[in-house]
Amino acid sequence: MENRTADIQSGLERAVADAITKLARADRKDGEIARAYGAAQDLRTLLSRPIRVAIGGEFSSGKSTFVKMLLGQHVVEIQASASAMPTVHFIYRANNAAYRAIGAHASQDVTDINALTEDDLRALECLEVAVDVPFLKQFEIFDTPGTADPSRSVDQFLSVANQADFAIWCTNATQAWRESERRMWENLPFDLKQRSLLIVTHVDLQSIKSSINRLMKRLQKEAAPQFKKVIAMELLAASAARDKNGKVMDQSVWESSGGAECLDAMTAITSEIRSDVFENVTYDLENKIMPAIAKIKTAPKTFASYWSDELAKVKIKLRSTDNRIAPSVHLKLLEEALMFLDKSSTTQPESAQKITARLKEAHAYIQNTLLQENTDTNSKESNAVIAQLEWEFQHLDMLA
Ligand SMILES: Nc1nc2c(ncn2[C@@H]2O[C@H](COP(=O)(O)OP(=O)(O)OP(=O)(O)O)[C@@H](O)[C@H]2O)c(=O)[nH]1
Ligand SMILES: [Mg+2]
């Protein structure tokens, strides 16, 4: 992520977290506050979730090879015939890989991925694969089964794509952008298509090499208007150009294979999506959440809580500086406490009088006796005076 994007992101995350804290403490029986609380939690999810990418294409067009190119060699091979494979959903997880079988009605963790039979796989809507690949912190990848496969319903890809942020369609150069692909692509919403990529695979094949320019020209005309970008890729070469952590080992192959162009395009699309998200989050913060927060009535602070908060700050301050400034720090504490009492109407008038008297007494003693010389003894004495007040104000009812 770019620095600027990261800054905006963390700024918004802080604003949302702050709003959640305030709303959590407020009275959520109030409808507006309850709604704002729910909205703020949605925004937190929206900000932190990775971008979802749906990979689609006809049978054997190179979808899984493309995913492997993105994720490096970490991806486990599942030994099953292509027609048995459900959508595979790759997500990030630190350390060990974990698998989850998502059925139409229930889902469960899978401990031994190789123990799944083809019938088991066929019955699934989706197989979730959580692996420690840093790339997946930014992107969630859905590898869908080939759309021309009659044993799988054609709308697998469509239903996944409709929930994704953008799609990547793989088309095999040997028979690129067929009528059936065009018809499938037409079903997607316009905005999604305009954010999506068409990857032309198998362009390394000898039979393609001589006609690649003509092919790309045709695709520019027939397909490009339906996509953000059309990119020709030698998937096997692109995979080989990086190590298993995604670090580019052979820059020239990485570039000539289309790997660099593809990743750059994905990054550009991601920035666009993120800036849309930031805009929505900012709008909701200003229009739904801030007005609800402004409604929260904060209870006026009592003297006891004011005093203990201020005292805590003073203690921290004195711990981190030369202790001999204690009398001057305490004097300021007492002056501000007197001002607080003068302005606040929450403390009982009776105890306010007692507190005022004790604050003034301590103030006079520190000012006239202890402030004159910055010595360790005077600082200790000043600490003792404040400790005495601390105790008294915790036991106000005993104050004579
Ligand atoms: N030479 C070459 N072979 C490729 C390329 N991309 C994929 N392949 C090969 O094509 C075959 C099919 O690739 P897959 O990635 O399994 O295709 P798929 O779209 O996932 O197939 P299904 O999931 O079965 O629909 C594999 O043998 C790949 O190694 C490419 O760019 N060049
Ligand atoms: Mg596949």
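Worth saying up front: this structure is predicted, and the values here are computed from it rather than measured. (Residues numbered from 1 in each chain as written. Chains lettered and ligands numbered in written order. Predicted model: local features only at pLDDT ≥ 70, side-chain atom pairs only at ≥ 80, totals over all residues.)

1. Examining the overall build of the protein chain
Link 1 in the chain: Assigned secondary structure in the protein chain consists of 17 helices and nine strands.
Link 2 in the chain: Expected size for 400 residues packed as a compact globule is a radius of gyration near 21 Å; at 33 Å, the protein chain overshoots this value by more than 25%.
Link 3 in the chain: Expressed as lengths along the three principal axes of its C-alpha atoms, the size of the protein chain is roughly 100 × 45 × 45 Å.
Link 4 in the chain: Scored against the burial criterion, the 400 residues of the protein chain give a buried share of 28%.
Link 5 in the chain: When contacts within the protein chain are restricted to residue pairs at least 6 apart in sequence, long-range pairs at least 24 apart make up 76% of them. (Helix = DSSP H or I, 4+ residues; strand = E, 2+ residues; numbered from the N terminus. Rg over C-alpha atoms; globule rule 2.2 N^0.38 Å. Buried ≥ 20, exposed ≤ 12 C-beta atoms within 10 Å, placed from the backbone. Contact = placed C-beta atoms within 7 Å.)

2. Description of the site of ligand 1
Link 1 in the chain: Taken together, 19 residues surround ligand 1, and among them Gly62, Ser64, Thr65, Ala82 and Gly146 come closest.
Link 2 in the chain: Listing elements by their share of the shell around ligand 1, those giving two or more residues are helix 3 (63–71) and helix 11 (235–240). (Near = placed C-beta within 6 Å.)

3. Observations concerning the packing of helix 2 (residues 31–48) against helix 13 (residues 259–295)
Link 1 in the chain: It is the contact of helix 2 with helix 13, at a shortest axis distance of 9 Å, that shows an interaxial angle of 155 degrees. In terms of their interaxial angle, helix 2 and helix 13 are classed as roughly antiparallel. Judged by the sense of rotation from one axis to the other, the crossing of helix 2 with helix 13 is left-handed. For the pair formed by helix 2 and helix 13, the contact residues are Glu32, Ile33, Ala36, Ala39, Ala40, Leu43, Leu46 and Leu47 on the first element and Val277, Val281, Asp284, Lys288, Ile289, Ala292 and Lys295 on the second.
Link 2 in the chain: Along the lines of polarity and charge, the residues of the contact of helix 2 with helix 13 split into eleven nonpolar, no polar and four charged. (Axes fitted to C-alpha atoms, helices over the stretch in contact; angles between N-to-C directions. Parallel < 35°, antiparallel > 145°, perpendicular 65-115°, else oblique. Left-handed = near helix turned anticlockwise from the far one by under 90°. Nonpolar A, V, L, I, M, F, W, Y, C, P; charged D, E, K, R; others polar.)

4. Section: the sheet that holds strand 1 (residues 51–57)
Link 1 in the chain: In spatial order, the strands read 4-3-5-2-6-1-7-8-9; together these nine strands make up an open sheet with mixed pairing. Strands at the two margins of the open sheet, each flanked by one partner only, are strand 4 (107–110) and strand 9 (229–232). This sheet shows a mean twist of 20 degrees between the axes of neighbouring strands, independent of strand direction.
Link 2 in the chain: Across five bridges, the pairing between strand 1 and strand 6 (residues 139–143) is parallel. Of the residues in strand 6, the one forming a bridge with Val53 is Ile141.
Link 3 in the chain: Running over the sheet, helix 13 touches strand 1, strand 7 (166–172), strand 8 (197–201) and strand 9 and is turned about 155 degrees from strand 9. (Pairing = 2+ DSSP bridges.)

5. What to know about the domain arrangement of the protein chain
Accessible area lost upon the coming together of the parts serves often as the stated size of an interface.
Link 1 in the chain: By the assigned domains, the protein chain splits into domain 1 (50–257) and domain 2 (303–398).
Link 2 in the chain: A straight line from the C-alpha centre of domain 1 to that of domain 2 covers 68 Å. (Domains from an automatic or database assignment.)

6. Digging into the pairing of strand 7
Link 1 in the chain: The buried fraction of strand 7 is high, at seven of seven residues.
Link 2 in the chain: Residues of strand 7 alternate between two faces, with Phe166, Ile168, Cys170 and Asn172 on one and Ala167, Trp169 and Thr171 on the opposite face, all of them buried.
Link 3 in the chain: Here strand 1 runs beside strand 7; their pairing, made up of five bridges, is parallel. Of the residues in strand 7, the one forming a bridge with Ile55 is Ile168.
Link 4 in the chain: Bridge count between strand 7 and strand 8: five bridges; the pairing is parallel. Its bridge partner lying in strand 8, Asn172 is registered against Thr201.

7. Let's talk about the nonpolar core
Link 1 in the chain: Ranked by internal contacts, the top residues of the largest apolar core, which has 50 residues, are Val53, Ala54, Ile55, Ile199 and Val200.
Link 2 in the chain: Among residues more than four places away in sequence, those in contact with Ile55 are Lys63, Phe66, Val67, Ile141, Phe142, Asp143, Thr144, Ile168 and Cys170.
Link 3 in the chain: In this structure, Leu333, Leu334, Ile355 and Leu359 belong to the second largest nonpolar core, which totals 13 residues. (Core = buried A, V, L, I, M, F, W, Y, C linked by C-beta atoms within 7 Å.)

8. Comments concerning the packing of helix 16 (residues 349–370) against helix 17 (residues 376–394)
Link 1 in the chain: At a closest axis distance of 11 Å, the pairing of helix 16 and helix 17 adopts a crossing angle of 180 degrees. By the angle between their axes, helix 16 is roughly antiparallel relative to helix 17. Along the contact surface, helix 16 presents Ile355, Arg358, Ala362, Tyr365, Ile366 and Leu370, while helix 17 presents Asn378, Glu381, Ser382, Val385, Leu389, Glu392 and Phe393.
Link 2 in the chain: When the residues that make up the contact of helix 16 with helix 17 are grouped by side-chain class, the tally is eight nonpolar, two polar and three charged.

9. A look at helix 17
Link 1 in the chain: With 19 residues, helix 17 ought to run about 27 Å at 1.5 Å a step, and its terminal C-alpha atoms sit 27 Å apart, in line with that.
Link 2 in the chain: Those residues of helix 17 not exposed but buried are Ser379, Ser382, Val385, Ile386, Leu389 and Phe393. The buried residues of helix 17 occupy one face: seen down the axis, they fall within an arc of 120 degrees. Residues Asp376, Thr377, Ala384, Ala387, Gln388, Trp391 and Gln394 are exposed on helix 17 and point more than 90 degrees away from its buried face.
Link 3 in the chain: On its buried face, helix 17 sits against helix 14 (303–320), helix 15 (326–343) and helix 16. (Expected span 1.5 Å × (residues − 1). Arc of directions from axis to C-beta.)

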